[in-house]
Amino acid sequence: TSSPTLTFNDGNTIPQLGYGVWQVEDDVAEKVVRQAFEAGFRHIDTAKIYGNEAGVGRAIASSGLSAEDIFITTKLWNADQGYESTLEAFEASMDRLGLETLDLYLIHWQQPKQEKYVDTWKALIELKKRGRVKSIGVSNFTKEGLQHIIDETGVVPAINQVELHPFFNQSELREFNASKGILTQAWSPLGQGGELLESATIAEIAAKHDATPAQVVIAWHLAIGNVVIPKSVTESRIRENFAALDVTLDATDVEAINGLDRGAEGRIGPDPAVSD
Ligand code: NAD
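All of the points below concern the structure found in this document. Predicted, not measured: the structure shown is a model, and the values here were computed from it.

Each value, and the rule that gives it
Residues numbered from 1 in each chain as written. Predicted model: local features only at pLDDT ≥ 70, side-chain atom pairs only at ≥ 80, totals over all residues. Heavy atoms only, no water. Helix = DSSP H or I, 4+ residues; strand = E, 2+ residues; numbered from the N terminus. Rg over C-alpha atoms; globule rule 2.2 N^0.38 Å. Buried < 20%, exposed > 50% of the residue type's maximum accessible area, 1.4 Å probe, protein only. Areas by Shrake-Rupley, 256 points an atom, 1.4 Å probe, with all protein chains shown as cover. Lys, Arg positive; Asp, Glu negative; His and termini not counted. Charge placed at Lys NZ, Arg CZ, Asp CG, Glu CD. Expected span 1.5 Å × (residues − 1). Contact = heavy atoms within 4.5 Å. Near = heavy atom within 4 Å. Polar contact = N/O pair within 3.5 Å; in protein donor to acceptor, adjacent residues only side chain to side chain. Nonpolar A, V, L, I, M, F, W, Y, C, P; charged D, E, K, R; others polar.

## Points about the overall build of the protein
- The number of helices and strands found in the protein is 10 helices and 10 strands.
- A globule of 276 residues ought to have a C-alpha radius of gyration of about 19 Å, and the protein, at 18 Å, matches this closely.
- For the protein, the spread of C-alpha atoms along the three principal axes comes to 55 × 40 × 30 Å.
- For the protein, buried positions account for 53% of its 276 residues.
- When the accessible area of the protein is evaluated, it comes to approximately 11500 Å², of which 47% is carbon and sulfur surface.
- Between the averaged position of the 24 positive side-chain charges in the protein and that of its 40 negative side-chain charges there is a distance of 3 Å.

## Side note on helix α1 (residues 26–39)
- For α1, which comprises 14 residues, the first-to-last C-alpha distance of 20 Å matches the rise-based estimate of 20 Å (1.5 Å per residue) to within 8%.
- Every buried residue belonging to α1 is among A29, V32, V33, Q35, A36, F37 and A39, and all of these are buried.
- Against the buried residues of α1 lie β3 (19–20), β4 (43–45), α2 (53–63) and α9 (235–242).
- Just beyond α1, the residue with positive phi is G40, at close to 120°.

## Side note on the site of the ligand
- The full set close to the ligand counts 27 residues, and D45, S139, S188, L190 and N241 are the nearest of them.
- For the ligand, an oxygen atom lies 3.3 Å from a polar atom in the side chain of H108.
- Calculation on the ligand without its partners gives an accessible area of 840 Å², and the protein chains cover 89% of this total.
- Top contributing element to the shell around the ligand by residue count: α9, with three residues.
- Its residues assigned to classes, the shell around the ligand shows 11 nonpolar, 11 polar and five charged.

Interpretation note: all reported values are geometric properties and have no functional meaning in isolation.
Structure (structure tokens):
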């Protein structure tokens, strides 16, 4: 099995199921990213702030996979926002990753109070123009922030990566993203592995499909059109998560999981509208 792909508004494609490496030490990253490649993942989500771009780069270099076969995302950290500092931070990330061109570069957080995200977005537009990065997008952007960068530059982000899981399903933002031609990418898609994976609703659907709770949650993300990047450093779970591609939920399952939404109460991480 290989992951289905989704098409960005710039014509490039992204594997819908990827592998995230937040909170993975640099020396561990090399091993687990290799395991992810072996399990079938071809899309890796890292960030400068994760401190493991070099480890991801070593895994890529030793994988035997060619650049065309893999999809790598990294993110610009908050302290590097601003036009010139973004161009510099990008090259430093590329050195650590050891890549010629990047598939996707994201502004990690909007940081509304810093008021630098428009200049930062202009730098990403320049990097795409120069061919250093194939696609550009954002993470943790509100509707207002998205509208603002679109109005200022005329360039629509390819994707908006936000916290999204069944307890916080972001239906309103997903609808807004879709209306602008922006894909939605789910971070902490398993709700960081706590209460969500013990939910009775999820357990029932898992039993029905002879699948695990994590696979059912990943299958829900795929069914509603999200790009999804579950994390695990346990090889059996890395394989299990990739095998979620074989689980197909029906409309009743999707409806039941939609019903688990807790609105703003379900949020785990910071609120991008006020986080600075
Ligand atoms: P996640 O929702 O992917 O949960 C990961 C945890 O779930 C694991 O540590 C483990 O405890 C558990 N788990 C994983 N697979 C399992 C399985 N098969 N069975 C049982 N338990 C399992 O959480 P995450 O790491 O926060 O999010 C995924 C990725 O999203 C990150 O690695 C990172 O790449 C990205 N992310 C981005 C941002 C952002 O601001 N853009 C923020 C957080 C995370």
